[in-house]
Structures are given as structure tokens and as C-alpha cells.
Amino acid sequence: MGKTGLQLSVLSFGSWVTFHKQINDSSADELMGIAYDNGINFFDNAEVYALGESEKMMGRVLKGKNWDRTSYTISSKAFFGWRGKANKPNQTGLSRKHLTEACHEALQRLQTDYLDLFFCHRADKNVPVEEVVLTMNNLIQQGKILYWGTSEWSGVEIMEAHRVAQHYKLIGPQVEQPQYNLFERNKIENEFLEIYKNVGLGTTIWSPLAAGLLSGKYNDGIPEDSRLGMEGFEWLRDRWVLQEKLAKVKQLAVLAKAMGVSQASLSIAWVIKNPNVTTAILGATKKEQLTDNLKALEVLPLLTEEIVKAIEDIMDTKPVLSEF
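What comes next concerns the included structure. (Residues numbered from 1 in each chain as written. Predicted model: local features only at pLDDT ≥ 70, side-chain atom pairs only at ≥ 80, totals over all residues. Heavy atoms only, no water.)

**What to know about the packing of aromatic side chains**
Here is step 1: In this structure the tally under the stated criterion is eight aromatic pairs.
Here is step 2: Note on Trp-67 and Tyr-72: the rings are 6.0 Å apart at their centroids and 70° apart in plane angle, and the pair reads as edge-to-face. For the pair Trp-67 and Tyr-72, a shared accessibility class is recorded, and that class is buried.
Here is step 3: When the centroid spacing of 5.0 Å and the interplanar angle of 85° are considered together, the rings of Phe-79 and Phe-80 count as edge-to-face.
Here is step 4: Exposure remark for Phe-79: the relative accessible area of 18% places this residue in the buried category.
Here is step 5: Overall, Phe-80 belongs to the partly exposed group, its relative accessible area being 32%.
Here is step 6: Here the aromatic residues Tyr-36, Phe-43, Trp-67 and Tyr-72 are joined through ring pairs into a cluster of three or more.
Here is step 7: Geometry around Tyr-114 places Arg-69 over its ring, the cationic atom sitting 4.1 Å from the centre.
Here is step 8: Geometry around Phe-183 places Lys-245 over its ring, the cationic atom sitting 5.1 Å from the centre. (Phe/Tyr/Trp six-rings, centres within 6.5 Å; stacked < 30°, edge-to-face > 60°. Buried < 20%, exposed > 50% of the residue type's maximum accessible area, 1.4 Å probe, protein only. Lys NZ or Arg CZ within 6 Å of the ring centre and 35° of its normal.)

Below you can see the structure in the form of C-alpha cells.
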């Protein structure tokens, strides 16, 4: 993971949207079992997912599995709080108070003694970055977390945290969780380039399939049981399901068929081919879906220069590089 000694599986398993909202304990148990048996060692979560219920569900599954705690890594994220509209001041954001309490709450919900990774789920303009860095450093010293990172921070914000950490001889953020897929490419392929070089940065990618759009499941409309069809996730639908994007996805389906692979596994393989990607988080609701997504590792060797160029020609989403 970046310049750290932590080793994360190239594919990982997350709970956003799916846990508690789309699947029950039994399904979560089956899917996490399949993931673990196939070598996945990172399970991603956050306080805000299903307002804390996602972490509780994962905690119950992990307790039942009784896996060796040293054989997997688990994360939480803090910023949004877990009480939804009932959040009061200090129950959200990145203040020392909320980060510390959010960490304790996550440990309770996940039924674990420590978090391997703890993310600042967004940047907080209202809190000095010194307070954030010092709080995370304290949590590491207390043994409550092992590594800390950011999610959806800008390159400038990440580097500012590193500047503060170096100045005070503290531990800076070592991992970022950005969105990265064939539609969202600027941060990973452009904005973070200097950070990889200068301080090192692990990346745990969310939405490698662009909320399922790149899997091809929406090529003929929106299934009611999909996340784009769920109440409360209209923003995903409005953002992704645009005719222009669907036209590209349908062309990608033709290429995948010619290669003899699924569109989903091809899209995930494209993500993990990037050397600056540490792990791509899968978010499956069905056994068949997860099994297919895992085949991305078999598709990876098929991504020759010719195939990558064919994908680029179809998508036409490569970002223009910034001039540093």
C-alpha cells in the first residue's frame, strides 16, 4: 500500500450500499466467505454506511467466521456521522472529538480491538489540518488504528497534511480512497502523479464499475433491485445514466464479447492494471456477481497494448495532464 509495508489484496470487498440495504447477514456471510477464500484480505466500511448498520453487520459476520485477525484488514471512515439528519454539532466532521469518538464507535460496531485503516471520509474546511494529523497520530500511538488515510481529498489537501506531519514529525496519511473507473480518471492519472513520486500514496479504489454502469447491467434499462433503482440513490442514476455514456458502455460490451470475457471483469481489470492502484473495492450483492468480478485477475494478462488502445478509443476519457 503505497510506501508502507502493508500488503492489500489487489481486489477487496466493500459494504457501501449493499450491506443492510440490499443484503442480509446470511448473504453477507456467504459473500465475505467467498471473497476471503479467494485471497481477498481487505474489507472496507464506514460509519455512515447504512447509518452504522453496515459496520454492525460486518462485525457480526467476522465474529461468526472466527478468522485469524492477523489474516485480514478492516477499515472505517469518519466524517458524515452515523445519525443522519439527527446529527448534532461534534457528531460529524474531523475534529479531535469526532474522530476519536467515531473510532471508538467503529471498534464497537465491528467488534474488533483495532482498525487496520481509518479514513477521513472527506476534507473538513472547519478543522485545522494540524488537529486532524495529530489526532490520527495519537490513535496510532494508542494502538486503535494502524494506518490512516483520506477519501476524496484533493492532491493539495493531501500534501498539506504531509507538510504538517513532516514539520511535527508525525505520521502522515498513507492511503487515499478515490473513485476511479473508465469514466472517472483525473485524480489517479493526473492530480496525484506528483504525490506518488514525492511521498508515496496507496489507493483503495471505490466504484471501479461506476455504480454498476460499466458492468453492462443497465444497457437495457434500470433493474429495480439494482443500486441505481434504489430509493435515495437517484443522484447516482442522474449522474451516470446518460445516453452518451451508455453508448460507450455498449461498445465496450462488444469488445468484451470478442475477448470472451464479461464486461464487468474487463472494466475491473482495466482499473487494477494501473500501477498506482493498490486495490479495487468490489461491491457485489450476489454470489455470481462476485465470482465474475474476481475473474478480473484472469482478464488482466489479456490487456495488451492493442486491447488497452481499443478501450481508449471507445471510451475517450483520458484526462489532459496538468503542467507542473
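Back to the text.
**Concerning helix 1 (residues 25-37)**
Here is step 1: Between its first and last C-alpha atoms helix 1 spans 18 Å; for 13 residues at 1.5 Å apiece the expected length is 18 Å, and the two agree.
Here is step 2: Taken together, the buried positions of helix 1 are occupied by Ala-28, Leu-31, Met-32, Gly-33, Ile-34 and Ala-35.
Here is step 3: Buried positions along helix 1 lie against strand 1 (11-14), strand 2 (42-44), helix 2 (53-65) and helix 11 (287-294).
Here is step 4: Phi turns positive one or two residues past the end of helix 1, at Gly-39, with a value near 95°. (Helix = DSSP H or I, 4+ residues; strand = E, 2+ residues; numbered from the N terminus. Expected span 1.5 Å × (residues − 1). Contact = heavy atoms within 4.5 Å.)

**What to know about the packing of helix 4 (residues 129-141) against helix 5 (residues 155-168)**
Here is step 1: Two elements in contact, helix 4 and helix 5, have axes separated by 9 Å at closest approach and are oriented at 65°. Helix 4 and helix 5 meet at a crossing whose hand is right-handed. Along the contact surface, helix 4 presents Val-129, Glu-130 and Val-133, while helix 5 presents Glu-160, Ala-161, Arg-163, Val-164, Ala-165 and Tyr-168.
Here is step 2: Among the residues forming the contact of helix 4 with helix 5, the class breakdown is six nonpolar, no polar and three charged. (Axes fitted to C-alpha atoms, helices over the stretch in contact; angles between N-to-C directions. Left-handed = near helix turned anticlockwise from the far one by under 90°. Nonpolar A, V, L, I, M, F, W, Y, C, P; charged D, E, K, R; others polar.)

**Things to note about the sheet that holds strand 7 (residues 202-205)**
Here is step 1: Taken in spatial order, the eight strands of this closed barrel run 1-2-3-4-5-6-7-8, and their pairing is parallel. Along the sheet, successive strands turn relative to each other by an average axial angle of 30°, direction set aside.
Here is step 2: As judged from the two bridges shared by strand 2 and strand 3 (residues 73-78), these two strands associate in the parallel manner. Its bridge partner being in strand 3, Phe-43 is matched across the sheet by Ile-74.
Here is step 3: Relative to strand 5 (residues 145-151), helix 4 is tilted by about 150°, and along the sheet it contacts strand 4 (115-120) and strand 5. (Pairing = 2+ DSSP bridges.)

**Considerations on the nonpolar core**
Here is step 1: Phe-13, Phe-118, Leu-266 and Ile-311 are the most contacted members of the largest nonpolar core, which totals 87 residues.
Here is step 2: Take this core: its biggest share by element is seven residues, from helix 10 (residues 263-273).
Here is step 3: For Leu-266, the contacting residues outside a window of four places in its chain are Leu-252, Leu-255, Ala-256, Met-259, Val-261, Val-299, Leu-303 and Ile-311.
Here is step 4: Ranked by size, the runner-up nonpolar core spans nine residues in total, among them Met-1, Leu-6, Leu-8 and Ile-281. (Core = buried A, V, L, I, M, F, W, Y, C linked by side-chain atoms within 4.5 Å.)

**Some thoughts on helix 4**
Along an α-helix, residues three or four positions apart point the same way, because every turn accommodates 3.6 residues.
Here is step 1: In this model, helix 4 (13 residues) spans 18 Å end to end at C-alpha, consistent with the 18 Å of a helix rising 1.5 Å per residue.
Here is step 2: For helix 4, the complete set of buried residues consists of Val-129, Val-132, Val-133, Thr-135, Met-136, Asn-137, Leu-139 and Ile-140.
Here is step 3: Taken together, the buried residues of helix 4 touch helix 3 (96-110), strand 4, strand 5 and helix 5.
Here is step 4: Downstream of helix 4 by one or two residues, Gly-143 has phi in the positive range, about 80°.

**Topic: the side chain of Asn-181**
Here is step 1: Here Asn-181 lies in the loop between strand 6 (175-177) and helix 6 (186-191).
Here is step 2: Of the polar contacts made by the side chain of Asn-181, one reaches the backbone nitrogen of Glu-184; its length is 2.9 Å.
Here is step 3: Polar side-chain contacts of Asn-181 include one of 2.8 Å to the backbone oxygen of Ser-207. (Polar contact = N/O pair within 3.5 Å; in protein donor to acceptor, adjacent residues only side chain to side chain.)

**Quick word on unusual backbone geometry**
Here is step 1: For Ala-211, which is not glycine, the phi dihedral falls at a positive 55°.
Here is step 2: Within the secondary structure layout, Ala-211 lies in the loop between strand 7 and helix 8 (234-240).
Here is step 3: The residue Asp-316 is not glycine, and still its phi comes out positive at about 55°.
Here is step 4: Relative to the helices and strands, Asp-316 is located in the segment after helix 13 (305-315).

**Observations concerning the pattern of salt bridges**
Close approach of charged atoms allows side chains of opposite charge to pair.
Here is step 1: On inspection of all chains with the given rule, the structure shows 15 salt bridges.
Here is step 2: Of the charged contacts in the structure, one is a salt bridge between Arg-60 and Asp-25, with a shortest N-O distance of 2.7 Å. Residue Arg-60 is found in helix 2, and its partner Asp-25 is found in helix 1; the two are separated by 35 residues along the sequence.
Here is step 3: When its relative accessible area of 29% is taken as the criterion, Asp-25 is described as partly exposed.
Here is step 4: Glu-53 is the salt-bridge partner of Lys-56, the closest N and O atoms lying 3.4 Å from each other. Of this pair, Lys-56 and Glu-53 both sit in helix 2, separated by three residues, roughly a single helical turn.
Here is step 5: With relative accessibility at 24%, the residue Glu-53 sits in the partly exposed group.
Here is step 6: A cluster of three or more residues bridged by salt bridges with shared partners is formed by Arg-185, Glu-189 and Glu-312. (Salt bridge = Lys/Arg side-chain N within 4 Å of Asp/Glu carboxyl O.)

Nothing here speaks to function; it is geometry throughout.
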